[in-house]
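# Descriptive analysis of the structure
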Amino acid sequence: MRLYLASTSPARRALLAQSGIEPVLVSPGVDEDAAAAAASASLGRDLTGPELVALLAVAKASAVADAEVAGSPVDGFVFGGDSAFEVDGHLYGKPHDPAVAKERWRQMLAAGGGTLWSGHCVVDRRRDLDVTAHRTGGPGVARTEPPVRPGSGLGPWAGPLSEVAPGGSALVADGDRVVAVDSAVLTFADDVSADEIDAYVATGEPLEVAGAFTIDGRAAAYITRIDGAPSAVVGLSLPVLRSMLLRGFGVAWHDFWAL
């Protein structure tokens, strides 16, 4: 079974590789700022954290699902993911600039922590297959963890997923795709100094990651607690991705292992 990763994120690829899955890497080429601005304008308000990461996960997966890879149509499942860190109602993506990263760290430490929102989208692009005959999730499925819920009609990011509380998760079955949001609540050490912030930012590590930190790198020493899946903080929630494939499409996690 083939899994296409609509991302160039080394962290997401590493997570899958550590789990025995070797994905096909494809850059989605999505203008994230433009996509978020368009959705916000359509809704007439700012996007919530769950809405934003779901929106961009869908955009990335959809861009790759209908593309050609190495001259051939996609044949398998496409995964797109996105992350954002929320502190006191403010959403933080990638800071890019060292001065911005330092200011975000000061704000995050003042708040004591925040919520990491992780968006997921899986699109089924298996060829010559009756997809509906293999799907096990969808509206009306009960007692699942996370719950599988029907879409809202406004897009999966504007309906049930927007109701996810910090530390929670949910799945939405939406045609040939399943969309999910997971979250983890993080607590930072209360004695991180300005010198430590400056030294961390100087490494360049926080500049191109959501929230300006990584738990699989130098910033791990500054995080004292994680309530949620640690993999969600790294880049994608492995338990949620497994659930999406199994409950949404009836496909077992081990079917993707590179044996």
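Bear in mind that the values here come from a model prediction, so they are computed numbers and not experimental data.

The next thing to look at is the packing of helix α2 (residues 32-43) against helix α3 (residues 49-65). At a closest axis distance of 10 Å, the pairing of α2 and α3 adopts a crossing angle of 125°. With respect to their mutual orientation, α2 and α3 come out oblique. Considering only the axes of α2 and α3, their crossing is right-handed. Contacts between α2 and α3 involve Glu32, Ala35, Ala36 and Ala39 from the former and Leu52, Leu55, Leu56 and Lys60 from the latter. For the contact of α2 with α3, the per-class residue count stands at 6 nonpolar, no polar and 2 charged.

Within the largest apolar cluster, 47 residues are counted, with the highest numbers of intra-cluster contacts made by Leu16, Trp105, Leu186 and Phe213. The leading source of residues in this core is helix α7 (residues 238-249), at 6 residues. Once residues lying within four places of it in the same chain are set aside, the contact partners of leucine 186 are Phe85, Gly112, Gly113, Gly114, Leu116, Phe213, Ile215, Ile223, Arg225, Ile226 and Val233. Leu47, Leu52, Ala57 and Val74 belong to the second-largest nonpolar core, a separate cluster that totals 29 residues.

Here threonine 115 lies in strand β7 (residues 113-125). The residues contacting threonine 115, other than those within four sequence positions of it, are Ala84, Phe85, Glu86, Pro166, Ser183, Ala184 and Val185.

Two numbers describe how helix α4 (residues 98-111) lies on helix α5 (residues 194-202): the axes approach to 10 Å, and their chain directions differ by 140°. With respect to α5, the axis of α4 lies oblique. Between α4 and α5 lies a crossing of right-handed hand. In this structure, α4 contributes Pro98, Ala101, Lys102, Trp105, Arg106 and Leu109 to the contact, and α5 contributes Ile197, Asp198, Tyr200 and Val201. Residues belonging to the contact of α4 with α5 are distributed by class as follows: 7 nonpolar, no polar and 3 charged.

Here we come to the pairing of strand β5 (residues 76-87). Buried residues dominate β5, accounting for 11 of its 12 residues. Bridging between strand β1 (residues 3-5) and β5 involves 3 bridges; their strand directions are parallel. Considered in β5, the bridge of tyrosine 4 is made with valine 78. Here β5 runs beside β7; their pairing, made up of 11 bridges, is antiparallel. The residue of β7 that forms the bridge with valine 78 is valine 123. One ladder, built from 3 bridges, connects β5 with strand β6 (residues 90-92); its direction is antiparallel. Counted as the bridge partner of valine 87 is histidine 90 from β6. Hairpin geometry of β5 and β6 is characterised by an intervening segment of 2 residues between the two adjacent antiparallel strands and by a positive phi of about 50° at aspartate 88.

What follows is about the confidence of the model for the chain. Here the chain shows a mean pLDDT of 87. Residues at 70 or above account for 88%. Predicted confidence for residues 131-154 stays below pLDDT 50, and this span has 52 contacts to residues more than four positions away or in other chains.

Per the stated rule, a full pass over the model turns up 12 salt bridges. Between glutamate 51 and arginine 45 there is a salt bridge, with its nearest N and O atoms 2.8 Å apart. Note on glutamate 51: relative accessible area 0%, which makes it buried. Residue arginine 45 is classed as partly exposed on the basis of its relative accessible area, which comes to 35%. With a closest N to O distance of 3.6 Å, arginine 218 and glutamate 205 form a salt bridge. Here arginine 218 is found in the loop between α5 and β11 (223-227), whereas its partner glutamate 205 is found in the loop between α5 and β11, with 13 residues between them in sequence.

Moving on, we get to the side chain of serine 231. Its location among the elements puts serine 231 in helix α6 (residues 230-234). Classification of serine 231 as buried rests on a relative accessible area of 11%.

Quick notes on the rules
Residues numbered from 1 in each chain as written. Predicted model: local features only at pLDDT ≥ 70, side-chain atom pairs only at ≥ 80, totals over all residues. Heavy atoms only, no water. Axes fitted to C-alpha atoms, helices over the stretch in contact; angles between N-to-C directions. Helix = DSSP H or I, 4+ residues; strand = E, 2+ residues; numbered from the N terminus. Parallel < 35°, antiparallel > 145°, perpendicular 65-115°, else oblique. Left-handed = near helix turned anticlockwise from the far one by under 90°. Contact = heavy atoms within 4.5 Å. Nonpolar A, V, L, I, M, F, W, Y, C, P; charged D, E, K, R; others polar. Core = buried A, V, L, I, M, F, W, Y, C linked by side-chain atoms within 4.5 Å. Buried < 20%, exposed > 50% of the residue type's maximum accessible area, 1.4 Å probe, protein only. Pairing = 2+ DSSP bridges. pLDDT = per-residue confidence, 0-100. Salt bridge = Lys/Arg side-chain N within 4 Å of Asp/Glu carboxyl O.

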